[in-house]
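# Residue-level structural notes
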Amino acid sequence: MEEKQLFGALKEYFGFDSFRPLQKKIIDAVFKGKDNVVIMPTGGGKSICYQLPGILLPNITLVISPLIALMKDQVDGLKVNGIAAAYLNSSQSETEQQQIIADVEKNELKLLYVAPESLQFVDRFLTDGKVSLIAIDEAHCISSWGHDFRPAYTQLGYLKKRFPSTPVIALTATADKATRKDICQQLNIPDAKIHVASFDRKNLSLEVRPGTKRLEQILQFTEGRKNESGIIYCLSRKNTEDVAAKLKANGLKAEAYHAGLSHLERSRIQEDFINDKQQVICATIAFGMGIDKSNIRWVIHYNMPKNLEGYYQEIGRAGRDGLPSETMLFHSYADVIQLQKFAANAKNEAVQMAKLDRMKQYSEALTCRRKILLSYFGELKKEDCGNCDICRNPPQFMDGTLIAQKALSCIYRLKGKEPITVLIDVLRGAQNEGVLGKGYQELKTYGIGKDISWKDWQLYIIQLINLGYVEIAFHLHNHLQLTPMAKDILFNGGKLELAKNLDQKEIQAEQSKTTKTKDNSLFEKLRQLRLGLAQEEGIPAYLIFNDATLKEMEKERPMTDEDFIQINGVGRKKMEDYGYQFIKEIIAFNKEKRFKKKPKKSGNSHKETLQLYTDGLSVEEISVSRKLAPSTIYSHLIKLYEEGEKIDLLQLISKADVDAVRKAKDEIEDPKGLKTYYEYFDEALDYWTIKFALTILEKEEN
Ligand code: ADP
Ligand code: ZN
């Protein structure tokens, strides 16, 4: 497949100017007819890896997907991009199915989504030559090693036997090696090329906060984010309801989602969330699994998850559109104890405990959190990330000997028979039943830690546990006990350092500064427009344009079709369907604000391109060398050509195409931008070909 065609289709159908890491390599391998296994994190951009080849290959691409509920959204998403797609599953009527089969037989569909259960159905009318590509989404479902095993997936191995010359592409976000091997084996693609993308999701900020006054902290957090979608994960049903109620009382559209709700209620909540009718979901169970909503701006863990796999998958639901998104985890000691109890009762106790331990280490980390997280997934980073709370506010250490002595001697006096809450109460001289009832006010250590807040004590004691001076007797009501190491501090003059608690208020103030969006911004106007359109069409708003695309519109303020289609995320069909309304909104906004469009910084970027072009580099080479998208280079070349530089556009398109466009130009009476040409050619010519030809013709005329 030619470069230009590939980039042309990427722009035309998806509106994107460049590929994400690995996408191009994978697509090239598909066109070479190879089998491929793709491992990419959630939001990494797996779909394009089979959708783009699906569009360009001559016959149909079968997409096997386990999530029936998701198929409709996926197909809707393709249709709004002007791609002929359909799905087949058990939810449809016989007539609907017959219609689709008829379309397949006429070769009128590019992509067909099928649930594994419905495969026999397809088998009847497809022959080897008719299937160009087989894509297997969520391929980890085939493996009983994985966390999401689906028995129906185990039958998929027959596909390769049935269609031996059709390439298979299997995709998953599950990284572990056992699953990977299983996928190749069971799908009968032993020689598949395995592509593993980085699991680093740089746009997700990571933060862990002490779990005190969580509700207040959440309210503060959502304060400046009234229009943003978010998920709050809780351990208990009651928590989900409390949090949702509190948010509602504060004017947010929030709802609880848990196993106690009927199936119907759950799907309604999910629908409302997808369609931006509900803003915040407080969920206990796997909410968000199988939804592609790309504009989830934040994820909060009200409670600690039981392992890092779960945690990463859950935060991964934020920011699929690549825009900065926030994640926050509340760390509480009580949660750890609760989870330890769960783990202790589980079948594979040792494994679960070890996983929980890693989760704990992550939450209590004093070094870059992303490094810890990625190392867990086998990815080792040298640099700190700069986008986690530790990187932004590195902990400062202080001499913690005196604090430690107070805590340790208090544990000693309590005879190792009290949990952390009572210990802190005694240190702080509290006068409650737990203290007075047992006469602890008589202890020598009663009230010796008054000067330190409850929250700080909690942090210090957790550090003492992590440093090995104190341990938790899980089987004895979580009492804190001294370890032999404690002697060193208490009796032998040993010293230790503790990380200071940084002032949360300062940190939060700093963070909220960067994220607030104004209600009267152009972005907000465009968002409302998008919502209205989505409701009319009955599809999720993010399928029309994602947030990243709206942000770019806000920044670039395109006011003509030609400028509009330059926006990343605007393909041809979407420009035709929605361009007019969005442009109208932008123009209206500009008038209202008397905003003068800033002249585009032209700089000398295209001159640099010229230099490389004159040196004889191809478009792709220039693009690689300048780290710019090929389409940017194309537009430079056009600009240079118009300015009279020696650029041979005819190297990039054929004479026949120029002639065709010349003929079109003569025949079309009143051309309205590129749109008219697309229609004229019935989509047979891509964006850049038309653009180049028109540029050449214009020059000829002058
Ligand atoms: P995954 O299936 O791996 O979770 P998706 O295929 O749903 O990820 O892609 C995630 C998001 O990234 C989508 O909103 C998609 O439009 C966007 N995306 C994918 N590829 C690109 C690209 N090359 N340029 C810009 N955005 C992209
Ligand atoms: Zn970091």
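Okay, so let's go over this structure. Computed from a prediction, not measured in an experiment: that's the story for all the values here.

### Looking at the overall build of the chain
When helices and strands are tallied, the chain shows 33 helices and 18 strands. Relative to its length of 702 residues, the chain is compact, with a C-alpha radius of gyration of 30 Å against a globular reference of 27 Å. Seen along its three principal axes, the alpha-carbon backbone of the chain occupies a region of about 100 × 60 × 50 Å. Across the 702 residues of the chain, 54% fall into the buried class. By sequence separation, contacts in the chain at least 24 residues apart represent 72% of the contacts at least 6 residues apart. Put simply, the chain shows about 32,600 Å² of open surface, and 51% of that area lies on carbon and sulfur atoms. The average position of the 100 basic charges and that of the 96 acidic charges among the side chains of the chain differ by 5 Å.

### Focus on the sheet that holds strand β3 (residues 85-88)
Read from one edge to the other, the open sheet built from 7 strands follows the order β3-β4-β2-β5-β6-β1-β7, with strand pairing classed as parallel. Of all strands in the sheet, those bounded by a partner on one side alone are β3 and β7 (193-196). Adjacent strand axes in the sheet meet at a mean angle of 20 degrees when their direction is disregarded. Lying over the sheet, helix α4 (residues 68-80) contacts β3 and β4 (111-114), oriented at roughly 165 degrees with respect to β3.

### Digging into the site of ligand 1
Around ligand 1, the structure places 16 residues, and the nearest of them are Ser 18, Gln 23, Gly 43, Lys 46 and Ser 47. In this structure, an oxygen atom belonging to ligand 1 sits 3.4 Å away from a main-chain N or O atom of Gly 44. Here an oxygen atom of ligand 1 sits 2.8 Å away from a polar atom, N or O, in the side chain of Lys 46. Coverage of ligand 1 by the protein chains reaches 84% of its 580 Å² of free accessible surface.

### A short note on the coordination of the zinc ion (ligand 2)
Coordination of the zinc ion (ligand 2) by the protein involves Cys 368 (SG), Cys 385 (SG), Cys 388 (SG) and Cys 391 (SG), with metal-donor separations of 2.3 to 2.4 Å. What the 4 donor atoms of the zinc ion (ligand 2) show is an angle range of 102 to 120 degrees at the metal, which sorts the shape as tetrahedral. For the zinc ion (ligand 2), all donor residues lie on one chain, and their spacing in sequence is C-x16-C-x2-C-x2-C. Taking the relative accessible area as the measure of exposure, Cys 388 reaches 0% and is therefore buried. Of the residues examined, Cys 391 reaches a relative accessible area of 22% and is grouped as partly exposed.

### Some remarks on the nonpolar core
Leu 112, Ile 136, Met 553 and Phe 582 are the most contacted members of the largest nonpolar core, which totals 126 residues. Counting residues per element, this core draws most heavily on helix α33 (residues 687-701), at 8 residues. When neighbours within four sequence positions are excluded, Met 553 is seen to be in contact with Leu 522, Leu 526, Phe 545, Pro 558, Phe 564, Ile 567, Val 570, Phe 582 and Ile 586. In this structure, Ala 404, Trp 457, Ile 461 and Tyr 469 belong to the second largest nonpolar core, which totals 35 residues.

### Points about the state of the cysteines
As enumerated under the stated definition, the model contains 0 disulfides in all. Cysteine Cys 49 shares no disulfide, and the gap to the nearest cysteine sulfur, in Cys 184, comes to 16 Å. Residue classification places Cys 49 among the buried positions, given a relative accessible area of 0%.

### Digging into the pattern of salt bridges
Between side chains of opposite charge, a pair can form as their charged atoms come close. According to the stated counting rule, one finds 39 salt bridges in the structure shown. Of the charged contacts in the structure, one is a salt bridge between Lys 72 and Asp 76, with a shortest N-O distance of 2.7 Å. In this pair, Lys 72 and Asp 76 are both assigned in helix α4, 4 residues apart and thus about one turn of the helix distant. Look at the salt bridges and you will find they share partners, linking Asp 200, Lys 202, Arg 370, Glu 379 and Lys 381 into a network.

### A look at the pairing of strand β5 (residues 131-136)
Counting buried positions over the 6 residues of β5 gives 6, a clear majority of the element. Examined bridge by bridge, β5 and strand β6 (residues 168-172) share 3 bridges and lie parallel to one another. The residue of β6 that forms the bridge with Ile 136 is Ala 170.

### Here's the deal with helix α8 (residues 177-186)
When α8 is considered as a whole, its buried residues turn out to be Thr 179, Arg 180, Asp 182, Ile 183 and Cys 184. The inward-facing, buried residues of α8 contact β1 (36-39), β6 and β7. One or two steps after α8, the chain reaches Asn 188, where phi turns positive at roughly 60 degrees.

Cut-off values and rules
Residues numbered from 1 in each chain as written. Chains lettered and ligands numbered in written order. Predicted model: local features only at pLDDT ≥ 70, side-chain atom pairs only at ≥ 80, totals over all residues. Heavy atoms only, no water. Helix = DSSP H or I, 4+ residues; strand = E, 2+ residues; numbered from the N terminus. Rg over C-alpha atoms; globule rule 2.2 N^0.38 Å. Buried < 20%, exposed > 50% of the residue type's maximum accessible area, 1.4 Å probe, protein only. Contact = heavy atoms within 4.5 Å. Areas by Shrake-Rupley, 256 points an atom, 1.4 Å probe, with all protein chains shown as cover. Lys, Arg positive; Asp, Glu negative; His and termini not counted. Charge placed at Lys NZ, Arg CZ, Asp CG, Glu CD. Pairing = 2+ DSSP bridges. Axes fitted to C-alpha atoms, helices over the stretch in contact; angles between N-to-C directions. Near = heavy atom within 4 Å. Polar contact = N/O pair within 3.5 Å; in protein donor to acceptor, adjacent residues only side chain to side chain. Donors = N, O, S within 2.8 Å, 3.2 Å for Na, K, Ca; no water. Tetrahedral: all angles 85-135°; square planar, octahedral: opposite > 155°, others 65-115°. Core = buried A, V, L, I, M, F, W, Y, C linked by side-chain atoms within 4.5 Å. Disulfide = S-S within 2.5 Å. Salt bridge = Lys/Arg side-chain N within 4 Å of Asp/Glu carboxyl O.

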